[in-house]
Amino acid sequence: MRVVYRVVAGGAAVVVVGAAAAVVLLSGDKSAPRAEAADIADVRPTPASTVGQTMDPTVDPTADPAMGALAATAGPDGTASPTTSAPPSPTPAETRSPSGGLSAMDAALSDPRVPALSASIHKLRRLPGRPTATRGLVKDQRSGVAFPRFAKAWKVARGRPFASRQMLPAIRGSEFRGMLVSCPVPIPVQESLRDTAFLTARWTLNHQPSGATISWSASQPLKVGKRDGWLLGYRVNYTIKGKKRTSMAAVALVDIPGRKPALVFISVPDSQKKYWKDVYKVMSSIHVLQKKD
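The rules behind the values
- Residues numbered from 1 in each chain as written.
- Predicted model: local features only at pLDDT ≥ 70, side-chain atom pairs only at ≥ 80, totals over all residues.
- Heavy atoms only, no water.
- Core = buried A, V, L, I, M, F, W, Y, C linked by side-chain atoms within 4.5 Å.
- Buried < 20%, exposed > 50% of the residue type's maximum accessible area, 1.4 Å probe, protein only.
- Helix = DSSP H or I, 4+ residues; strand = E, 2+ residues; numbered from the N terminus.
- Contact = heavy atoms within 4.5 Å.
- pLDDT = per-residue confidence, 0-100.
- Salt bridge = Lys/Arg side-chain N within 4 Å of Asp/Glu carboxyl O.
- Polar contact = N/O pair within 3.5 Å; in protein donor to acceptor, adjacent residues only side chain to side chain.
- Pairing = 2+ DSSP bridges.
- Phe/Tyr/Trp six-rings, centres within 6.5 Å; stacked < 30°, edge-to-face > 60°.

Right, let's get into the nonpolar core. The biggest cluster of nonpolar side chains holds 34 residues, and the ones touching the most others in it are Phe198, Trp216, Leu232, Tyr234, Leu263 and Phe265. With six residues, the single largest contributor to this core is helix α3 (residues 193-203). Setting aside its immediate chain neighbours within four residues, Leu232 contacts Leu117, Ala197, Phe198, Ala201, Trp216, Ala218, Ser219, Ala249, Ala250 and Val251. Within the second largest apolar cluster, 30 residues are counted, among which are Val145, Phe150, Leu180 and Ile266.

This is the structure we're talking about:
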């Protein structure tokens, strides 16, 4: 009997030890997933950063703290008080290309030469005095728009690479002079005409002196007949032979069904500032060509 009791006691001890080991193993298995879940819960996605926006010193930065500057000074740059609002330009995080690289809007918003547009609407103002006389219209069939053909100092020139071109006389000592051109927009078309106009204004710096920067003076929607459009007015600031100079410029985009938007662009340097009044004349006289035109 003693032998039997010893065998039974030994078997019971083995069962107790096995049960304790099982408890330990099961406890260890449950703890690992809890630790991983805690680690994952502590991870927070980093918010996308926004591009810094250049502020014009003439604008009260407290008036629109979330937006870039839109120059609001009166005078020869042709600004006016804001009348309504438009959506702000997207941040780079919202404009990634499908491949994950930088989009055209990313590059523009990151360009220190071009401040972001404000959400406010500022209309292009007419300057005092009479603009240059006109004689008929330039009918740009390639772009689908027409606008004034100036007389006197403005001369029709070879269009290429544009669809049409008018030029002011050459300036001694400078390769830059007044120009008025049109063509289908030469940059990637965005979802809104406003954003496409923003990219187009940046593109026009290719036709300005090296190092030129932009200061906005107007941003407004257009209605050209039954077609939508967008207008941007701006100063172009640059230095030539150590002297600070300025050009007055404007771009207008017009939606043309079945084509890229039409672009009308005018730029006049301060050495020919008596023609600055022609900027408003052009921008206020654009119309869409009809089939009979």
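From this point on, the discussion continues.
Residues of the chain with pLDDT of at least 70 account for 65%, and the chain-wide mean is 74. Of all secondary-structure elements in the chain, the lowest mean pLDDT belongs to helix α1 (residues 2-41), at 38, while strand β9 (residues 262-269) reaches the highest, 98. Predicted confidence for residues 87-100 stays below pLDDT 50, and this span has 27 contacts to residues more than four positions away or in other chains.

Attention now moves to the environment of Ser217. Within the secondary structure layout, Ser217 lies in strand β6 (residues 213-224). Each C-alpha atom, one on Ser217 and one on Arg125, is 9.3 Å from the other, the two residues being 92 residues apart in sequence.

On to the pattern of salt bridges. Scanning all chains against the criterion turns up five salt bridges. Put simply, Asp111 and Arg202 hold a salt bridge, and the shortest N to O gap is 2.8 Å. Here Asp111, found in the loop between α2 (104-109) and β1 (134-140), pairs with Arg202, found in helix α3; they are 91 residues apart in sequence, far enough to count as distant. Relative accessible area serves as the criterion here: at 9%, Asp111 is assigned to the buried category. When its relative accessible area of 25% is taken as the criterion, Arg202 is described as partly exposed. For the salt bridge of Lys223 with Asp228, the shortest nitrogen-to-oxygen distance reads 2.6 Å. Taken together, the salt bridges that share partners define one network made up of Asp111, Arg113 and Arg202.

Attention now goes to the side chain of Thr246. Assignment of secondary structure puts Thr246 in strand β8 (residues 243-254). Accessibility expressed as a relative area gives 16% for Thr246, which makes it buried.

On to the side chain of Arg194, then. One can find Arg194 in helix α3. Side-chain polar atoms of Arg194 contact the backbone oxygen of Ser118, separated by 2.9 Å.

Looking now at the sheet that holds β1. In spatial order, the strands read β1-β2-β10; together these three strands make up an open sheet with antiparallel pairing. A single partner strand is all that each edge strand has here, and the edge strands are β1 and β10 (287-288). In terms of strand pairing, β1 meets strand β2 (residues 145-150) through five bridges, oriented antiparallel. Across the sheet, Leu137 pairs through a bridge with Pro148, a residue of β2.

Of all six residues making up β2, five are buried, and the element is well covered by its neighbours. One ladder, built from two bridges, connects β2 with β10; its direction is antiparallel. Within β10, the residue paired with Val145 across the bridge is Val288.

So, on to the packing of aromatic side chains. The geometry of an aromatic ring pair is captured by the separation of the ring centres together with the interplanar angle, meaning the angle of the planes. In total, this model carries five aromatic pairs according to the counting rule given. With centroids separated by 5.6 Å and ring planes inclined at 75°, the aromatic side chains of Trp216 and Tyr234 adopt a geometry described as edge-to-face. Separated by 18 residues along the polypeptide, Trp216 in strand β6 and Tyr234 in strand β7 (residues 227-240) bring together distant segments of the chain. Residue classification places Trp216 among the buried positions, given a relative accessible area of 1%. On the basis of relative accessibility, which here comes to 0%, the residue Tyr234 falls in the buried class. Following the ring pairs from residue to residue traces out a cluster consisting of Phe150, Trp154 and Tyr275.

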